[in-house]
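Geometric and topological summary
Here's the letter readout for the chains.
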Amino acid sequence: MSVPAQAPNGNKLAARRLGLDTHDELVVITRRDSPVCRSEGFSAHARVRLKNGRRNIIATLYQVDSALIGLDELGLSESAWKRLGVAEGDLVHISHPQPVASLSAVRGRIYGKRLDRAQMHATINDIAAGRYADVHLAMFLSSMAARDPDDDELTDMIQAMVDVGERLEWPRDVIVDKHCVGGLPGNRTTPLVVSIVAAHDLWMPKTSSRAITSPAGTADTVETITRVDLDIPTLRSVVRAHGGCMAWGGAMRLSPVDDTLIRVERLMDIDAEGQMVASVLSKKVAAGATHLVLDVPVGETAKVRSQHDAERLAGRLETVGARFGMKVRVLITDGRQPVGRGIGPALEAHDVLAVLANADEQPKDLRARSVLLAGALLELAGVAEAGEGGPMAENALASGLARQRFEAICRAQGGLREPPVATETHDMPSAHGGVVRRFDNRRLAQVAKLAGAPGAPAAGVYLHARLGDRVERGQALYTIHAESRGELAYAREYAETNGIVTVGGEA
C-alpha cells in the first residue's frame with residue numbers, strides 16, 4: 001500500500017501572495033497533489049486553519065492542478081495575506097480547524113429558536129474572526145430574514161457588532177450624524193450636511209462607505225475632491241479643528257462585521273429590515289453618535305417600496321436607537337427619482353460643489369434635501385428651535401459659511417482638488433414628446449456602472465430631465481459619461497434596450 005509523501009516541513013507550506021481579490025473572504029490555494037493535503041485529507045472547499053506565529057485564521061481551501069502553485073507552497077488571497085500578517089516565503093502551518101460551536105445556535109434559529117445574548121455574541125465574534133465561510137454567513141442572514149429578530153435580539157446583535165471593532169469616544173455630549181438607507185442614485189447630501197452643521201459648531205465625525213453595488217458611495221465621491229482614507233488619530237484631529245470630517249469607514253474598523261454581512265447580503269439580493277437596523281445603528285453607535293437623522297426614501301425602485309414599510313422601519317430605528325442612548329429622527333422622503341443631476345463619483349462631486357458655490361446650475365433638489373436633513377439635525381441637537389433648522393441650514397449655504405467649512409475640512413484631510421471630467425459622452429434622447437412620468441432607479445444606476453462607475457471616477461450619468469418635465473422628441477433625457485469608448489458603448493447598448501426613463505402624454 002502506497003503512503004502519501006510527507007512534506008519536508010511537516011504540515012507547513014511556504015506562503016505566496018497571489019494578489020487575488022476576494023473582498024474579505026479568506027481564501028487559500030494549494031496544489032491538489034500537495035503531500036500535505038493528501039496526508040491530511042484536505043479537498044477543495046474545505047475549511048482549514050492557517051497559523052503563522054501568534055496569528056491564525058480559518059480559510060476556505062481551493063486547489064489547482066497546474067504549476068501556478070508549487071508542491072511546497074500555498075497561495076493566499078489579499079484578505080488572508082493581510083489577516084495572517086505573513087511575508088513571502090514564510091512557513092505557514094495548515095491543519096483542520098476546531099468545529100465552530102456557534103453554528104449550532106444559528107441552525108436552531110432557522111427552526112424558530114431565538115439567539116440569546118451569549119449565543120449572539122459568540123456568533124458575531126466568530127464572524128469577526130473569519131470562522132464563518134460564506135455559506136455559513138448566508139445561513140445566518142437567511143435565518144434573520146425569515147424570522148425577523150425582536151428588539152432584544154436586535155439590541156444584542158448591535159452591541160456585539162460594536163464590541164468586535166473600534167469605538168470612537170468624544171469629549172462632547174452631543175455628536176451628530178446622518179444616514180440614508182439607500183436605493184437612490186445620486187443623493188449625495190452627506191458633504192453638504194457635514195459642512196452645514198459643522199458651520200453651526202456641532203461635531204459630525206462622518207464615516208461613509210464605498211460603493212458595493214451602486215455607481216458611487218459617499219467615500220468614492222468625496223475622494224474625487226480630497227483624501228478619505230483617514231486613520232483614527234487624523235479623523236479626531238480634523239473633527240476637533242473643524243467640527244466634521246468625511247472619511248472612509250473601512251479604514252478604521254467601525255462595526256467590521258457589518259461590512260462582511262453586507263457583502264454576502266448583496267450577493268443574496270436580500271434587504272431584511274432587522275439586518276438594515278443592525279447595520280445602520282451599529283455603525284453609528286461605534287462612531288459615537290448621540291443624535292441621528294435618517295433619510296428613508298420611498299419609491300417603487302428604491303430600497304423601501306411603501307409608506308407602510310418606511311413607517312415600520314422608522315419605528316424600529318427610533319426604538320432600538322433609544323436603547324443605546326441615541327436620539328433618532330427619521331425623515332421619510334420621495335424616492336421616485338434620483339436626487340441631483342450627477343450619478344457617479346465625479347459627477348456627484350460636481351453637484352455638491354455647485355450647491356456650495358450657490359451656482360446657477362446647481363441641482364435644487366439636492367440643495368433642498370440637504371437643507372431638510374441638516375435642519376432636522378440642528379433641531380434634534382437643540383441648536384435650533386422647531387421649524388428654525390431649515391432656514392438656519394439654508395443661510396449657511398447662501399452666506400458661504402458652509403462652503404468655507406467644507407474647504408477647511410478638505411484641506412485638513414489632505415487637500416482640495418477638482419473632480420475629473422469624462423473624455424467620452426453620449427446623449428440619450430427621448431423617443432417622443434411628452435411628460436417624464438417615471439425613472440427606473442435601478443436600471444439608471446446600472447447604466448452608470450456599465451459606463452465605468454465607480455472604478456472610473458469620471459464615469460456615470462448626468463440627468464437633464466426630472467419627473468413632470470415636458471420634453472420634445474429627440475431632446476436629451478440624460479448623458480452617459482465614460483473614460484473609454486468601450487465602456488461608453490456597453491452603457492449605451494444597455495440604455496437603448498431597457499426602459500430607463502418613461503415619457504408619456506399629458507394625462
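Here's a quick rundown of the structure. If you're wondering where the values come from, they're calculated on a predicted model, not measured in any experiment.

1. A word on the overall build of the protein
When you go through the protein residue by residue, the secondary structure sums to 18 helices and 18 strands. In terms of overall dimensions, the protein is globule-like: its C-alpha atoms have a radius of gyration of 25 Å, near the 23 Å expected for 507 residues. Counting the 507 residues in the protein, one finds 54% classified as buried. Long-range pairs, those at least 24 residues apart, make up 79% of the contacts in the protein with a sequence separation of at least 6. Taken as a whole, the protein presents about 21300 Å² of accessible surface, with 48% of it coming from carbon and sulfur. Each charge sign in the protein was given a centre, from 60 positive and 63 negative side chains, and these centres are 3 Å apart.

2. Topic: the pairing of strand β8 (residues 204-208)
The buried count for β8 comes to 5 of 5 residues, which makes it a mostly enclosed element. Alternating positions in β8 separate into two faces, Met-204, Lys-206 and Ser-208 on one and Pro-205 and Thr-207 on the other, with burial throughout. The pairing of β8 with strand β9 (residues 244-248) spans 5 bridges and is classified as parallel. Considered in β9, the bridge of Pro-205 is made with Cys-245.

3. So, the pattern of salt bridges
With the rule as written, the count across this model stands at 33 salt bridges. The partner of Arg-438 in a salt bridge is Glu-300, with the nearest N and O atoms 2.9 Å apart. Taken together, the residues span a long stretch of sequence, with Arg-438 in strand β14 (residues 434-439) and Glu-300 in the loop between β10 (291-298) and α12 (307-323) at a distance of 138 residues. Here the residues in one salt-bridge network are Asp-148, Asp-151, Glu-273, Asp-309, Arg-312 and Arg-316, joined through shared partners.

4. Focus on the side chain of Ser-370
Position of Ser-370 relative to the elements: it lies in helix α14 (residues 364-380). Polar contacts involving the side chain of Ser-370 include one to the main-chain carbonyl oxygen of Leu-366, which spans 2.8 Å.

5. Some thoughts on the sheet that holds strand β17 (residues 476-482)
Taken together, 4 strands build an open sheet; the order of strands is β12-β15-β17-β13 and the sheet is antiparallel. Looking at strand neighbours, the two that pair on one side only are β12 (342-343) and β13 (424-429), the edges of this open sheet. In terms of strand pairing, β13 meets β17 through 6 bridges, oriented antiparallel. What sits directly across from Glu-424, in β17, is Ala-482. Along the sheet, helix α18 (residues 485-497) contacts β13 and β17; its crossing angle with β13, the most-contacted strand, is approximately 10°.

6. As for the environment of Ala-349
Within the element layout of this structure, Ala-349 appears in helix α13 (residues 345-356). Excluding residues that lie within four positions of it along the chain, Ala-349 makes contacts with Thr-221, Thr-224, Ile-225 and Pro-419.

7. A word on the sheet that holds strand β6 (residues 91-95)
Strand order around the closed barrel formed by 6 strands is β1-β5-β2-β4-β3-β6, with mixed pairing between neighbours. Between one strand axis and the next, the sheet turns by 45° as a mean value, whatever way the strands run.

The rules we used
- Residues numbered from 1 in each chain as written.
- Predicted model: local features only at pLDDT ≥ 70, side-chain atom pairs only at ≥ 80, totals over all residues.
- Heavy atoms only, no water.
- Helix = DSSP H or I, 4+ residues; strand = E, 2+ residues; numbered from the N terminus.
- Rg over C-alpha atoms; globule rule 2.2 N^0.38 Å.
- Buried < 20%, exposed > 50% of the residue type's maximum accessible area, 1.4 Å probe, protein only.
- Contact = heavy atoms within 4.5 Å.
- Areas by Shrake-Rupley, 256 points an atom, 1.4 Å probe, with all protein chains shown as cover.
- Lys, Arg positive; Asp, Glu negative; His and termini not counted.
- Charge placed at Lys NZ, Arg CZ, Asp CG, Glu CD.
- Pairing = 2+ DSSP bridges.
- Salt bridge = Lys/Arg side-chain N within 4 Å of Asp/Glu carboxyl O.
- Polar contact = N/O pair within 3.5 Å; in protein donor to acceptor, adjacent residues only side chain to side chain.
- Axes fitted to C-alpha atoms, helices over the stretch in contact; angles between N-to-C directions.

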